[in-house]
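# Remarks on the overall topology
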Amino acid sequence: MGLVIYDTMQRKKVPFEPATPGHVGIYVCGPTVYADPHLGHARGPIVYDVLRRYFLHKGYKVRFVSNITDVGHLTEDDEGEDKVAKRAKLEKLEPMEVAEKYTWSYFDAMAALNVLRPSIAPRASGHIPEMWELTQKLLERGVAYVREGSVYFRVRAFPEYGKLSGKRPEELRAGARVEVREEKEDPLDFALWKAAEPGHLMRWKSPWGEGYPGWHIECTAMSLKYLGEGFDLHAGGIDLQFPHHECEIAQAEAAGYRFARHWMHHNHVLLEGEKMAKSTGNLVLLHDLLRAHEPMAVRFYLLQTHYRSPMDFTFAGLEAAKKGYARLLNAYREVRARKKTAPKGTTPELERALEALEKGFMAAIEDDLSTPEALAQFFTFLPELHRLLPEAREESLRRAEEAFHTLGEGILGLFPERVLEEKLSGPLLEGLIGLLLELREEARRAKDYAKSDLIRDRLKALGVIVEDTKEGPRWRIEAL
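Predicted model, so just to flag it, every value in this text is computed and none were measured.

Rules of the game
Along each chain, the written sequence defines residue order, and numbers are assigned to residues from 1. A pLDDT threshold of at least 70 governs which residues receive local features in this predicted model, and a stricter bar of 80 or more applies before side-chain atom pairs are shown or counted, although totals over entire chains, interfaces and linings include all residues. With hydrogens and water set aside, each side-chain value is computed from the structure's full complement of heavy atoms. UniProt positions are given in the numbering used here, feature names are shortened, and annotations may be inferred rather than shown by experiment. Note on conventions: DSSP H or I runs of at least 4 residues are helices, E runs of at least 2 residues are strands, and numbering of each starts at the N terminus. Relative accessible area decides the class of each residue, using a 1.4 Å probe on protein chains only: under 20% of the type maximum gives buried, over 50% gives exposed, and in between gives partly exposed. Whether two residues touch is decided by their heavy atoms; if any such pair falls within 4.5 Å, the residues are in contact. Being paired, for any two strands, means DSSP has found at least two bridges between them. Axis geometry follows a simple rule: fit a line to the C-alpha atoms, using only the stretch in contact for helices, then measure angles between N-to-C directions, giving values from 0 to 180 degrees. Side-chain atoms within 4.5 Å are what join buried Ala, Val, Leu, Ile, Met, Phe, Trp, Tyr and Cys residues into a set we call a nonpolar core. An automatic or database domain assignment provides the domain bounds reported here.

## As for the UniProt feature "short sequence motif: 'HIGH' region" (unreviewed entry) in the protein chain
Per the UniProt annotation, the sites labelled "short sequence motif: 'HIGH' region" (unreviewed entry) are residues 31-41. In the segment residues 31-41, helix accounts for 18% and strand for 0%; the C-alpha atoms at its two ends are 8 Å apart.

## As for the UniProt feature "binding site: Zn(2+)" (unreviewed entry) in the protein chain
Here the UniProt-annotated "binding site: Zn(2+)" (unreviewed entry) positions come out as Cys29, Cys219, His244 and Glu248. Across 220 residues in sequence, these annotated residues keep their C-alpha atoms within 11.2 Å of one another, forming a single compact spot. For His244, the position within the fold is in helix α6 (residues 241-254). Overall, the relative accessible area of 1% leaves His244 in the buried class. Among residues more than four places away in sequence, those in contact with His244 are Cys29, Trp215, His216 and Cys219. Exposure remark for Glu248: the relative accessible area of 0% places this residue in the buried category.

## Overview of the pairing of strand β5 (residues 144-147)
Looking down a regular strand, the side chains alternate between one sheet face and the other. The sheet contact formed by β5 and strand β6 (residues 150-153) spans four bridges and is antiparallel. Counterpart to Ala144 in the pairing with β6 is Phe153. Where β5 folds back onto β6 in an antiparallel hairpin, the turn is made up of two residues, including Glu148, whose phi is positive at roughly 55 degrees.

## So, the sheet that holds strand β13 (residues 311-313)
What links the strands of a sheet is backbone hydrogen bonding, and the strands pair in either a parallel or an antiparallel sense. Strands sit in the order β12-β11-β13 across an open sheet of three strands; the sheet is mixed. Edge positions in the sheet fall to β12 (274-275) and β13, since each has one partner strand and no second. Across two bridges, the pairing between strand β11 (residues 269-271) and β12 is antiparallel. Its bridge partner lying in β12, Leu270 is registered against Lys275.

## Re the sheet that holds strand β4 (residues 61-66)
One open sheet holds the four strands; their spatial order is β4-β3-β9-β10, and the pairing between them is parallel. A single partner strand is all that each edge strand has here, and the edge strands are β4 and β10 (262-266). Strand-to-strand, the axes of this sheet are offset by a mean angle of 20 degrees, without reference to chain direction. Where strand β3 (residues 23-28) lies against β4, six bridges are found, and the strand directions are parallel. Looking at the pairing, Tyr27 lines up with Val65 of β4.

## Points about the nonpolar core
One finds Phe153, Phe313 and Phe404 to be the most contacted residues of the largest nonpolar core, which totals 138 residues. When residues are assigned to domains, this core turns out to be shared by domain 1 (4-266) and domain 2 (292-420), each giving three or more. Among the nonpolar cores identified, the runner-up in size contains six residues, and Ile433, Leu437, Ile455 and Leu459 belong to it.

Below you can see the structure in the form of structure tokens.
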């Protein structure tokens, strides 16, 4: 069937067909680098990382562009301080020191979460000439105007403004979002270039005087530069749909360019029912979270909710996710270990279970990136795997290992080699657990079932699962 995505512009699921066969161009709005990233900043990168991995799995050549906003994003849409410059004053640093510090803070967190680095990560401050060129073209076409050193886009000169978000100019109340500037012809107009106020730290000489770019012009200029007209997909958070993405479309198309063919938006991560945001302080910093918890369990947790649904983060939910992830990880490890000594040949029942897993997994991913259902396919597969493992043969175990590697790591990004190689056991641990199991067996033989159950339950509380089989007790670790 192929991939189907929910296209925000078309307001329905549509088949995804790249403009150039075998090639996919994706632009994702990246972070504004003025503080350490929080958990909400991880959801989009992980979602679109899975999408990118899917295309790579299918053999596409992918150009994945995700920008760094290091200038131009004000505390309000067209007013207030530049967020990076404001932080620079607070930390007594140069603005570009702030940008550099938090850019690498972001990249470090993404690396820990096994997010592939972008093909290109353009910085807004490095693309000022491209923004001037686009702004000049809009002025020449009469859809922009200069006022006191600033350049504004005439929203009413672009009749299709609002087609992405459904917000039409006539329905937007003047001054509802920000205080209206008197220099604007219309309160709905937005800045392409801003005249620098006295003392403003980040400023460039331009055809219209010293200033800095508007936020919206940055992504339009960079996406067109690196992906060209009519590129395949533009993505970002649902909060960027309006006004940021709406303004991007208006700028590009009013200048005569074909813009993105498809649009995807992921929903918010909530904390105690409220949107996670730096401005409110309602957040969980990624670096704190990833120091305390296995990053792959955090990634697993975020993939348990469909990207278009809001996700309410709780630490109880994370603990449950850690246990679920451990079940998958330990199954993968056990398959790898048993494959080394298994007899040659195939196990027909395991082959059938693997075929169902592979088919169900791909159907879920291709249905608008349904990662919860894709994970559910693995958990449907696990009971069959555990039942068949003791007698499984080498070729079927090799195929099972490949399924974990290709689907679980290759597409979902959950099993980097680091977690497969980490030792959750050792001679001392194995000896201690073996001793406890011997004591449990002695209690069972003496019909002291209370003591037997107590040992099993205490081990389970510590994350050690004991299973009684006809060959004797087996154990595995399910805690991270």
